[in-house]
Amino acid sequence: MSSDFETYEQDFGTITADVTNKIGRIPKLSGEEKTQLVLNVDKQLEEVRELLEQMDLEVRDIPIQSRAMYNSRLKSYKQEMEKLEKDFKRSRIAYSDEVRNELLGDDAGSSENQRAHLLDNTEKLERSSRRLEAGYQIAVETEQVGQEILSNLHSDREKIQRARERLRETDANLGKSSRILTGMLRRIIQNRVLVFILGAIILLTIILAIYFNLRGH
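Residues numbered from 1 in each chain as written. Predicted model: local features only at pLDDT ≥ 70, side-chain atom pairs only at ≥ 80, totals over all residues. Heavy atoms only, no water.

The helix and strand inventory of the protein chain stands at four helices and zero strands. From first element to last, N terminus to C terminus, the protein chain shows the α and β order α-α-α-α. Counting all 217 residues of the protein chain, 22% fall into the buried class. Considering only residue pairs separated by 6 or more positions, the protein chain has 74% of its internal contacts joining residues 24 or more positions apart. As presented, the protein chain carries roughly 16,000 Å² of accessible surface, and 57% of it is formed by carbon and sulfur atoms. (Helix = DSSP H or I, 4+ residues; strand = E, 2+ residues; numbered from the N terminus. Buried < 20%, exposed > 50% of the residue type's maximum accessible area, 1.4 Å probe, protein only. Contact = heavy atoms within 4.5 Å. Areas by Shrake-Rupley, 256 points an atom, 1.4 Å probe, with all protein chains shown as cover.)

Okay, structure coming up:
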């Protein structure tokens, strides 16, 4: 998945570099050439938006432990995109004012105030968009942290269960060993008692034999 993400990164860098160059050229051109350049930049920006969407999908499929790094890179690309769109909007507004001035002459002087008002509203919308994006990013990071915590808790639970099973097995083995040792000790005691009894019988037999032998003489 990361290889696809890096491919999208390369395409993003190539297109945005070309767009930046063209945005800088727009104020210097005029007529049909400028119109075509504006349309071309608009089309390329749409391609960049699609690339960002593809990168966002790729990041969601990347393992959690590596996802934060790619999220950070994607965030910087989105910020770069916002800047490009802002620069392009300004160049388009300037271009529109120029066209109106060419068509209307002095009657278009009031458009300056309209342009300033439009720029102000555009900046407000962009600030709101950035705040929403930051909130979304925080929510995504919080979700990732929660998933990591749940994964760690699940792993710890499995470790505890395995430890309990080993303890049960150990207790069972100790009980079995204890029974075996008790049986061995019981047999040892029984054997010793039998040896003692046999020794006593043999000794008594010898004494009686000696007694009757002496008595016979």
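What follows concerns the UniProt feature "transmembrane region" (unreviewed entry) in the protein chain. The UniProt record annotates "transmembrane region" (unreviewed entry) at residues 193–214. Along residues 193–214 one finds 100% helix and 0% strand; the C-alpha atoms at either end are 32 Å apart. (UniProt positions renumbered as here; feature names shortened; annotations may be inferred.)

Here we come to the environment of L51. Structurally, the position occupied by L51 is in helix α2 (residues 31–61). Look at L51 and you get buried, because its relative accessible area is 11%. Sequence separation of L51 and F5 is 46 residues, and the distance between their C-alpha atoms is 9.5 Å. Other than its neighbours up to four places away in sequence, L51 contacts Y8, D11, F12 and I15.

In terms of nonpolar packing, the biggest core is built from 23 residues, with F12, V19, V41, L45, L52, M55 and F88 touching the most fellow members. Every element with two or more residues in this core is listed here: α1 (2–25), α2 and α3 (64–104). Here this core takes nine residues from α2, the largest share from any one element. Setting aside residues no more than four positions away along its own chain, V19 makes contact with V41, Q44, L45 and L84. (Core = buried A, V, L, I, M, F, W, Y, C linked by side-chain atoms within 4.5 Å.)

So, about the packing of aromatic side chains. In this structure the tally under the stated criterion is three aromatic pairs. With centroids separated by 5.0 Å and ring planes inclined at 85 degrees, the aromatic side chains of F5 and Y70 adopt a geometry described as edge-to-face. Taken together, the positions of F5 in helix α1 and Y70 in helix α3 put the pair 65 residues apart, joining distant regions of the chain. Exposure remark for F5: the relative accessible area of 0% places this residue in the buried category. Classification of Y70 as buried rests on a relative accessible area of 8%. Judged by centre distance (5.0 Å) and plane angle (45 degrees), the rings of F12 and Y77 are tilted. Separated by 65 residues along the polypeptide, F12 in helix α1 and Y77 in helix α3 bring together distant segments of the chain. Across this residue pair, the class does not change: F12 and Y77 are buried. (Phe/Tyr/Trp six-rings, centres within 6.5 Å; stacked < 30°, edge-to-face > 60°.)

Another point: a nonpolar patch on the surface. Together, L185, I189, V193, F196, I197, L198, I201, I202, I206, I210 and L214 line one region of the surface with nonpolar side chains, adding up to about 1,100 Å² of accessible area. Structurally, I201 is set in helix α4 (residues 111–216). (Patch = residues over 30% accessible without salt bridge, like charges linked within 9 Å, V, L, I, M, F, W, Y side chains within 5 Å. Salt bridge = Lys/Arg side-chain N within 4 Å of Asp/Glu carboxyl O.)

A low pLDDT score tells you not to read the predicted coordinates there in detail. When pLDDT is averaged along the protein chain, the result is 80; 82% of the residues meet or exceed 70. Confidence, expressed as mean pLDDT per element, reaches its minimum in the protein chain at α3 with 77 and its maximum at α2 with 90. (pLDDT = per-residue confidence, 0-100.)

A few words now on the pattern of salt bridges. As enumerated under the stated definition, the model contains six salt bridges in all. The salt bridge involving D18 is made with K22; its shortest N-O contact spans 3.1 Å. Of this pair, D18 and K22 both sit in helix α1, four residues apart, roughly one helical turn. Connected through salt bridges with shared partners, the residues E46, R49 and E85 form a single ionic network.

This brings us to the layout of surface pockets. In this structure, the second largest pocket encloses a volume near 160 Å³. In this structure, the second largest pocket is lined by 15 residues; those nearest its centre are R60, N71, Y136, V140 and Q144. Elements supplying a minimum of two residues to the lining of the second largest pocket: α2, α3 and α4. Among the elements that take part in the lining of the second largest pocket, α4 stands out by supplying seven residues, more than any other. The residue inventory of the lining of the second largest pocket, partitioned by class, reads four nonpolar, four polar and seven charged. (1 Å grid on protein atoms, 1.4 Å probe; cavity = no way out; pocket = protein on both sides within 12 Å on 5 of 7 lines; lining within 4 Å. Points joined across faces, edges and corners; volume = space filled by probe spheres on them. Nonpolar A, V, L, I, M, F, W, Y, C, P; charged D, E, K, R; others polar.)

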